[in-house]
Amino acid sequence: MKKTTVISLLVLLLGAVIAIGSVSFLGPCVHEDGSFGACHWAGRAMLGIGVLLALQGAVALFCRDGGIRAGLMISSALTALLGLLTPGQLIALCGMATMRCRAVMQPAMRILCGAVLLISVIGVIAERKRTGEQA
Amino acid sequence: MMLRAEQISKQYFRRTGGANYFHAVKPVSLELQPGTVTVLCGRSGSGKTTLLHMLSGLLRPTEGRVLLGETDLYALSDRELSQLRNRFIGVVPQGRSVLDTLTVEENILLPGTLYAAPDRREAAARWMARLNIEALAQARASELSGGELRRTAIARTMCAAPDVILADEPTGDLDDENTALVFACFREAAAQGAAVFIVSHESDALQIADRAFRMDAGEMNPL
Amino acid sequence: MKTVSLALRNLLRKPGRTAALAALTALLAFSVFGGSIVVRSLRHGLDSLESRLGADIIVVPSSAQSKVSFQNMLLQGTTGAFYMDAANLDRVREVDGVALASPQLFLASLKADCCSVKIQVIGFDPETDFFIRPWMEESVSRELGELDVVVGCKVEAEVGEIIRIYDERCKVIGRLAATGTGLDTAVYCNMDTMKTLLQAAEAKGVSHKVSSGDSDEQVSAIYVKVREGCDIGEVNSKIQGHTRKASAVRTKSMLTDVSDSLAGISSTVTLLIAAVWVLALVILLIAFVMIANERKREFAVLRLIGMSRGMLSGMILKESALCSLAGGLIGILLAALAVFPFTTLIETSLGLPYLRPETGVIVTTGLLALAAAVGIGSLAASWAAFRLSRVDPGTVLREGN
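Residues numbered from 1 in each chain as written. Chains lettered and ligands numbered in written order. Predicted model: local features only at pLDDT ≥ 70, side-chain atom pairs only at ≥ 80, totals over all residues.

**Q** Help me understand the overall build of chain B in this model?
**A** For chain B, the helix and strand inventory stands at six helices and 10 strands. If one aligns the C-alpha atoms of chain B with their principal axes, the spans along those axes are about 55 × 40 × 35 Å. Counting across all 223 residues of chain B, residues that qualify as buried make up 48%. (Helix = DSSP H or I, 4+ residues; strand = E, 2+ residues; numbered from the N terminus. Buried ≥ 20, exposed ≤ 12 C-beta atoms within 10 Å, placed from the backbone.)

What follows is the structure in structure tokens.
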């Protein structure tokens, strides 16, 4: 398997984990009375970011143009950066560190988005190298 | 330097089949003079390779001595013998002997890098050109054909400019054209002062031989 | 090309083989580093609890529930509200051998607006307190005034922020250092503030009265320090006899419960690490033997061109050391990613004091884990190296022609 294929596939998979995780095993606090805290909306934002990342990975996977792939990787890196900042910085979470949104969702999303960011940057470098070799 | 074998023999122990010991090589004496090509013919299983391994310091004879100049190979420590083999004895073994993880050029330069030796890149380029593998210099060994691997192994031996060259069926997987090329190379090495010993079951080798022997059931006789 | 660079090339140009070996050592480093950090954090948490408690005896209401509730409050940060007659405080003070006795008053908030979770509010008496003040002095410079609170490190409220408890606006004037215990999730105030809060709670229909008592005054717990030279057990039973509807608990016995569960978890973790190691060592040995067989010819060629046995063994060992070093680093990185960001999750699921050890301890543990991974990789390889260097190259070169 080519390096760029692996990278696109990883972005797709991690994006899917973020999206699925944000509404299930990595999701925000669930309140017994059905009410929502701020963290609920942070979880929703992560769902969107995860889907976006997965789609970017999927498009990059089937895209043959190296330039477009590099562009997609830049975009997924920036999206991951947004995901990194969303829970806690851009959207508030609950006030107690022991709550699920802080104990599970925030660290998990940071690790996943950090990984996507790293992989995307490697992807951009790999694409640049490839196009450099062809030129 | 001259390589001399004094009454060397090799016995193996067999558990089954009558006699417990059998002589792979019966006592034999041999002198490989600098500047000469010696060819040893014989059927497979007659003990040719065993003799070559004993001469190269890879296989300790049951009896007898192997001397390089005045040095008894098997009286040396492993470290000393290894270094001596690296410096003075070039062996082209049967079958694959090129490292897959290295390129052709790296393979050829490898012996020179084990111990501090002068840069051999020029010699490597020359021998690669001579053996028609210069275009493959940067190719990985795993990408080569049998004939190319064989020529890489020969170039590796030649590049080190050893005093003694021991080649075991060096043309086994080569076509006629390359066989002639390789034999010419061995002749050239002899002309530069190396003692060359070729084990072959091909009669072509006899054409470049100064001396020729035949091995039959462990017994070596002049041809 | 020195043997190191040859070893490096062998590793880089057989990425599949290298990755498989590195993955095994990564698993080793992961298990030993992750496991050790968890165990050390638990121990650090227990030490922290021990040093924070500072009291020899704690007196709580005698109902069975309140004792459990108190312990859970300390260890897991669950909320608790139980009360006894404040006259018990004077009774405790009368007991011979009691050096200090300080009351605390508990209140569980309703959902605070910040996080829709109940918060434990602990009121203490700054005059007599010897439990919270030393801890507070580490991070808070001024005295607590009316409706001033300090918060535990796990309550996400900044200094200067207003938090509402039963609609009373309380000002956060400080955040406390982490203890790794349930105390980190509580909010602290003085007794006056506490009384205001209790009244506010009552106004909301949450009653905090003792069912029957001599006076209106009430306390939740009394922290007792025994005079030096006095037998704590003796003082404990005296207090027990002297107070009403209260039971005196020796902090040591409470800590023993915690250290017992800690010992249980420690031995489970150690057992798991040992199992992973035995398994990985066996797989590593098999892998090295298989690789050695596969590479026999390669090594015979190296001997042929003049590598001594020592050089060959050295190269094999260098290969395995480099590979295990890479694997070990990856394993430690992954373990760090699994353990450190999820500290709170681990703490709440274990229900025990859990405090991240100091950086020095973490670094040392990491280095030891790395050394262990490299060591075990080299050990497995050295066996293969020994066997290979003894193989007769002549015989190998004849095989498989």
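**Q** Can you help me understand the sheet that holds strand E3 (residues 37-42) of chain B in this one?
**A** In a beta sheet, neighbouring strands pair by backbone hydrogen bonds and run either parallel or antiparallel. Residue and element names in this part refer to chain B. With mixed pairing, six strands are arranged side by side in an open sheet as E6-E7-E8-E3-E9-E10. Strands at the two margins of the open sheet, each flanked by one partner only, are strand E6 (89-92) and strand E10 (219-222). Across this sheet, the average inter-strand angle for adjacent strands is 20°, counted without regard to direction. In the sheet, strand E7 (residues 164-168) pairs with strand E8 (residues 195-199) via five bridges, with the strands oriented parallel. Across the sheet, the residue bridging to aspartate 168 is valine 199, located in E8. Each of E3, E7 and E8 touches helix H6 (residues 176-191); the most contacted strand, E8, lies at about 150° to it. (Pairing = 2+ DSSP bridges. Axes fitted to C-alpha atoms, helices over the stretch in contact; angles between N-to-C directions. Contact = placed C-beta atoms within 7 Å.)

**Q** Looking at this structure, I do not really get the sheet that holds strand E11 (residues 246-250) of chain C. What am I missing?
**A** Residue and element names in this part refer to chain C. Read from one edge of the open sheet, nine strands run E6-E7-E5-E8-E4-E3-E10-E1-E11, paired in mixed fashion. Looking at the sheet topology across the chains shown, the edges are occupied by strand E6 (162-165) and E11. Averaged over neighbouring strand pairs, the angle between their axes works out to 35° when direction is ignored. One ladder, built from two bridges, connects strand E5 (residues 148-151) with strand E8 (residues 186-190); its direction is antiparallel. Paired with valine 151 across the two strands is valine 187, which belongs to E8. Across the face of the sheet, helix H4 (residues 87-94) comes into contact with strand E1 (57-61), strand E3 (98-108), strand E10 (221-226) and E11 while running at roughly 160° to E3.

**Q** I keep staring at the pairing of strand E7 (residues 168-175) of chain C and nothing clicks. Help me out?
**A** Residues and elements named next belong to chain C. In this structure, E5 lies alongside E7, joined through four bridges in parallel fashion. Opposite aspartate 148, over in E7, you have lysine 171 as the bridge partner. Counted along the chain from E6 to the antiparallel partner E7, the turn is two residues long, and its residue tyrosine 166 has a positive phi close to 50°.

**Q** How should the interface of chain A and chain C be read in this particular structure?
**A** Accessible area lost during the coming together of the parts is what is often quoted as the interface size. With 15 residues of chain A at the interface, the matching set in chain C holds 17 residues. Class assignment for the residues of the side of chain A that touches chain C results in eight nonpolar, five polar and two charged. (Nonpolar A, V, L, I, M, F, W, Y, C, P; charged D, E, K, R; others polar.)

**Q** Mind showing me how you'd approach the arrangement of the chains here?
**A** The protein chains that touch form two pairs of chains, and the pair with the most contacts between them is chains B and C. Chain A shows no contact with chain B. Their nearest C-alpha atoms sit 18 Å apart.

**Q** What is the right way to look at the interface of chain B and chain C in this model?
**A** At the junction of the two partners, chain B supplies 23 residues and chain C supplies 22 residues. Within the residue set of the side of chain B that touches chain C, elements represented by two or more residues are helix H1 (48-55), helix H2 (78-88) and helix H3 (104-114) of chain B. With six residues, H2(B) is the largest single contributor of residues to the side of chain B that touches chain C. For the side of chain B that touches chain C, the per-class residue count stands at nine nonpolar, 10 polar and four charged.

**Q** Got a minute to help me understand the environment of Pro162(B) in this structure?
**A** All names here are of chain B. Positionally, proline 162 belongs in the loop between helix H5 (146-159) and E7. Once the C-alpha coordinates of proline 162 and proline 34 are considered, the two residues, 128 residues apart in sequence, prove to be 11 Å apart. Once you skip the residues sitting within four places of it in the chain, proline 162 turns out to touch Phe88, Ile89, Gly90, Thr157 and Ala194.

**Q** Looking at this structure, I do not really get the nonpolar core. What am I missing?
**A** Looking at soluble globular proteins, one finds that nonpolar side chains tend to be buried together. Counting 222 residues, the largest nonpolar core has Val164(B), Phe186(B), Val196(B), Ala29(C), Val59(C) and Val224(C) as the members making the most contacts within it. The element best represented in this core is helix H2 (residues 15-53) of chain C, accounting for 16 residues. Split by domain, the residues of this core number at least three in each of domain 1 (3-47 + 258-398) and domain 2 (63-244) of chain C. For Phe186(B), the residues in contact, after removing those within four places along its chain, are Val37(B), Ile165(B), Ala167(B), Val196(B), Ile198(B) and Ile208(B). (Core = buried A, V, L, I, M, F, W, Y, C linked by C-beta atoms within 7 Å. Domains from an automatic or database assignment.)

**Q** Hey, could you run me through the pairing of strand E9 (residues 211-216) of chain B in this one?
**A** Looking along a regular strand, one sees side chains alternate from face to face of the sheet. All names here are of chain B. The sheet contact formed by E3 and E9 spans five bridges and is parallel. What sits directly across from valine 39, in E9, is alanine 212. Pairing of E9 with E10, which is carried by four bridges, proceeds in the antiparallel orientation. Among the inter-strand pairings, aspartate 216 is bridged to a residue of E10, identified as glutamate 219. Connecting the antiparallel pair E9 and E10 is a turn made up of two residues, with alanine 217 showing a positive phi of about 45°.

**Q** It is not clear to me how the packing of H5(B) against H6(B) should be interpreted in this structure. Could you clarify?
**A** Geometry of a packed helix pair, given as the angle between the helix axes and the separation of the axes. All names here are of chain B. Following both chains from N to C, one finds H5 and H6 inclined at 5°, their axes separated by 12 Å at the closest point. When the axis of H5 is compared with that of H6, the two are roughly parallel. Here H5 contributes Gly147, Arg151, Ile154 and Met158 to the contact with H6, which in turn contributes Asn178, Val182, Cys185 and Ala189. For the contact of H5 with H6, a count of residues per class yields five nonpolar, two polar and one charged. (Parallel < 35°, antiparallel > 145°, perpendicular 65-115°, else oblique.)

**Q** Teacher, can you tell me more about the environment of Leu21(C) here?
**A** All names here are of chain C. Take leucine 21: it is sitting in helix H2. Of the residues examined, leucine 21 has 26 C-beta atoms within 10 Å and is grouped as buried. Remark: the alpha-carbon pair of leucine 21 and threonine 359, spanning 338 residues in sequence, is separated by 30 Å. Ignoring any residue separated from it by four or fewer positions in sequence, one finds leucine 21 in contact with Ala287, Cys323 and Gly327.

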